[in-house]
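Geometric and topological summary
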Amino acid sequence: MLISICVPSIRTDTLGDAITSVRAQRHPDWELIVVGQGDESALRAAVADAAADDPRVRCVHLDRLGTSAARNRGISEAKGDVIAFMDDDCEAADDWLTEIAAAFDRHPEVGVVAGALVSPPAGSERFKVCPEMIPFETLHDPVATGCESPEGFGAAGANLAVRRGIAERVGQFDELLGPG
């Protein structure tokens, strides 16, 4: 299962760690699309440095700002069966994509997989801003439950994956929405 990862980015100081965490994934079938916004030359340099000539990593530039606009651009660039989203100030656990692929394999009826954002251990120097992304499993069918979600259920754009067909059917992110 090819998973396309879309990372909207304006932060060169944390982007390298995000890219490094993707390159360390156990699931080998992925592509990373960094949608740079802001200082194009600095972002491209940060991507090139962290990618270390890995052909699965590429950078596209978007002249305007906006997380949703960048995610939409990433979707249009994606080649994968699944499109995953993370933020430029997050680091993915090395089994992040493995868990996403396994969840979609176990539940072919599921269109979206999301996971928790977990705070790093106290005193950790590893994370600059965003917590580690850890998958967990909860099934929620809003049609069957009358839109009532399970207790503790939530999703963040920094740890979200969607099947391509669902993304095409639902359409683009609302570009009036920002992060969160």
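What you see is a predicted model, and the numbers here were worked out from it, not measured in a lab.

**Re the sheet that holds strand S6 (residues 112–114)**
Reading across from one edge, S3-S2-S1-S4-S9-S6 is the order of the six strands in this open sheet, with mixed pairing throughout. Of all strands in the sheet, those with a lone pairing partner are strand S3 (57–61) and S6, marking the two edges. The sheet shows a mean angle of 20° between the axes of neighbouring strands, direction not considered. Taken together, the four bridges between strand S4 (residues 82–85) and strand S9 (residues 160–163) define a ladder with antiparallel strand orientation. Bridged to Val82 within S9 is Arg163. Its contacts with the sheet place helix H1 (residues 12–23) against strand S1 (3–9), strand S2 (30–36) and S3, and it is angled at close to 165° to S2.

**Topic: the pairing of S3**
Along S3, four of the five residues are buried, which leaves the element largely enclosed by surrounding structure. Of the strand pairs in this sheet, S2 and S3 are connected by five bridges, and their pairing is parallel. Bridge pairing in S3 places Val35 opposite Val60. In the classification by handedness, the crossover that spans S2, the intervening helix H2 (residues 40–51) and the parallel S3 is right-handed.

Parameters at a glance
- Residues numbered from 1 in each chain as written.
- Predicted model: local features only at pLDDT ≥ 70, side-chain atom pairs only at ≥ 80, totals over all residues.
- Heavy atoms only, no water.
- Pairing = 2+ DSSP bridges.
- Helix = DSSP H or I, 4+ residues; strand = E, 2+ residues; numbered from the N terminus.
- Axes fitted to C-alpha atoms, helices over the stretch in contact; angles between N-to-C directions.
- Contact = heavy atoms within 4.5 Å.
- Buried < 20%, exposed > 50% of the residue type's maximum accessible area, 1.4 Å probe, protein only.
- Right-handed = clockwise from strand over helix to strand, strands pointing away.

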